[in-house]
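Chain residues, written in single-letter form:
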Amino acid sequence: PVCVCVFPGRMSGETLDYFLGRALIQERDAAEIVWYHAANSKSKIAEALRSSAHMIEADVILRGEAPREPVMAHPPDTDSDITLRDWLNEVLASDKGIKLDFKSLPAVRPSLRLLERVWERLQGPLWINADVLPGPGGGGSRPLDPEAFLAEVGAALPGAVLSLGWTTGGSPQADNTGYSWEMVREMEAVCRALARPVSFPVRAALLRPSFAQLRWLLQQSDRYSLTVWTGQGDIYPEEDLLLFRQDFDKSRIYYDVPEAQGVLLTKGPG
């Protein structure tokens, strides 16, 4: 496809190849990728760019009052000291990848227009994230409508990775039933016809009760990967993080977890 030539290192499975080609990781092991979270202010994006992180994650909303433009903030915040436009200008000078987490549907279209303007100058991988289905515990926020979100993204930004997740409740320990068969089958139906690579953000504390379901989901397409994340205060055995590394190629399981646990993963089985 043309996009392979125009945007090298951005197609399925090549987030790792991008960092490997720059000697920023040692092998095609997704556990080697270090994430920086919630770079939603001028000071935070500056800190992220100075850090050892490979991927910078930030949240995008539409400012709550005029001028209505995309800004970097996580609800319930409605404004920020940095717009998406200025945030992208900061990132362009770096070799880091970015993951933009969309918290509202109205923020998507104007954000994509900004991204398209800088797409050819953006060096690192781009991941576009949204929670599009209700998940375990119901979650504290409403998911974005998957059809509407995917229609907005459309064919824009060829090579960008889609990160599509479920909302989850605040305390998985209270109702640790995991991701149900209905949840994973609904997600697979959403993603089946997509041509893009898709990573599913899954909560570390819910891995063990969901092993069969998430294993099945990964088996449906080589385009699929998992991104394991942990909520503040979540409690789970560290060995749970190793479950999928023993069953799948380690290039398909990303870990957005505390750095000490990341070190455990790269030295553990798999």
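Details of the structure are given in the entry above.
All figures in this text were calculated on a predicted structure; none of them were measured in a lab. (Residues numbered from 1 in each chain as written. Predicted model: local features only at pLDDT ≥ 70, side-chain atom pairs only at ≥ 80, totals over all residues. Heavy atoms only, no water.)

> Give a detailed account of the environment of Asp77, specifying residues and quantitative values.
Mapped onto the secondary structure, Asp77 falls in the loop between β3 (70-72) and α4 (84-91). Take Asp77: its relative accessible area is 48%, and that puts it in the partly exposed class. For the pair Asp77 and Gly64, spaced 13 residues apart in the sequence, the C-alpha separation amounts to 8.8 Å. (Helix = DSSP H or I, 4+ residues; strand = E, 2+ residues; numbered from the N terminus. Buried < 20%, exposed > 50% of the residue type's maximum accessible area, 1.4 Å probe, protein only.)

> How would you summarise the packing of α4 against helix α5 (residues 108-118) if you had to cite specific residues and measurements?
Packing of α4 against α5 leaves a shortest axis separation of 10 Å and a crossing angle of 30 degrees. When the axes of α4 and α5 are compared, the pair comes out roughly parallel. The hand of the α4/α5 crossing is right-handed. Where α4 abuts α5, its residues Leu84, Arg85 and Leu88 lie against Ser111, Leu114, Leu115, Arg117 and Val118. Per-class residue counts for the contact of α4 with α5 are five nonpolar, one polar and two charged. (Axes fitted to C-alpha atoms, helices over the stretch in contact; angles between N-to-C directions. Parallel < 35°, antiparallel > 145°, perpendicular 65-115°, else oblique. Left-handed = near helix turned anticlockwise from the far one by under 90°. Contact = heavy atoms within 4.5 Å. Nonpolar A, V, L, I, M, F, W, Y, C, P; charged D, E, K, R; others polar.)

> Describe the packing of aromatic side chains, and please don't skip the residues or the numbers.
The relative placement of two aromatic rings is captured by the distance of their centres and the angle of their planes. Counted under the stated rule, the structure contains 11 aromatic pairs. Taken together, a centroid distance of 6.5 Å and an interplanar angle of 25 degrees make the contact between Phe244 and Phe248 stacked. For the pair Phe244 and Phe248, one class covers both residues: buried. Put simply, the rings of Trp166, Tyr179, Phe200 and Tyr224 pair up and form one aromatic cluster. A cation over a ring is seen here: Arg185 above Trp216, with NZ or CZ 5.9 Å from the ring centre. (Phe/Tyr/Trp six-rings, centres within 6.5 Å; stacked < 30°, edge-to-face > 60°. Lys NZ or Arg CZ within 6 Å of the ring centre and 35° of its normal.)

> Lay out unusual backbone geometry in plain terms, naming residues and giving numbers.
Following Ala66, the chain continues into Pro67 via a peptide bond in cis, with omega recorded as -5 degrees. With respect to the element layout, Pro67 can be found in the loop between β2 (55-62) and β3. The omega torsion across Pro75 and Pro76 is 15 degrees, close enough to zero to call that bond cis. You can see Pro76 is positioned in the loop between β3 and α4. With a phi close to 50 degrees, Ala38 is a non-glycine residue in the positive phi region. Of note, Ala38 is situated in the loop between β1 (35-36) and α3 (42-50). Given a relative accessible area of 35%, Ala38 falls into the partly exposed group. Its identity is not glycine, yet Leu157 carries a phi of approximately 55 degrees, on the positive side. With respect to the element layout, Leu157 can be found in the loop between α6 (146-153) and β6 (161-167).

Functional significance is not addressed by these values, which are geometric in nature.
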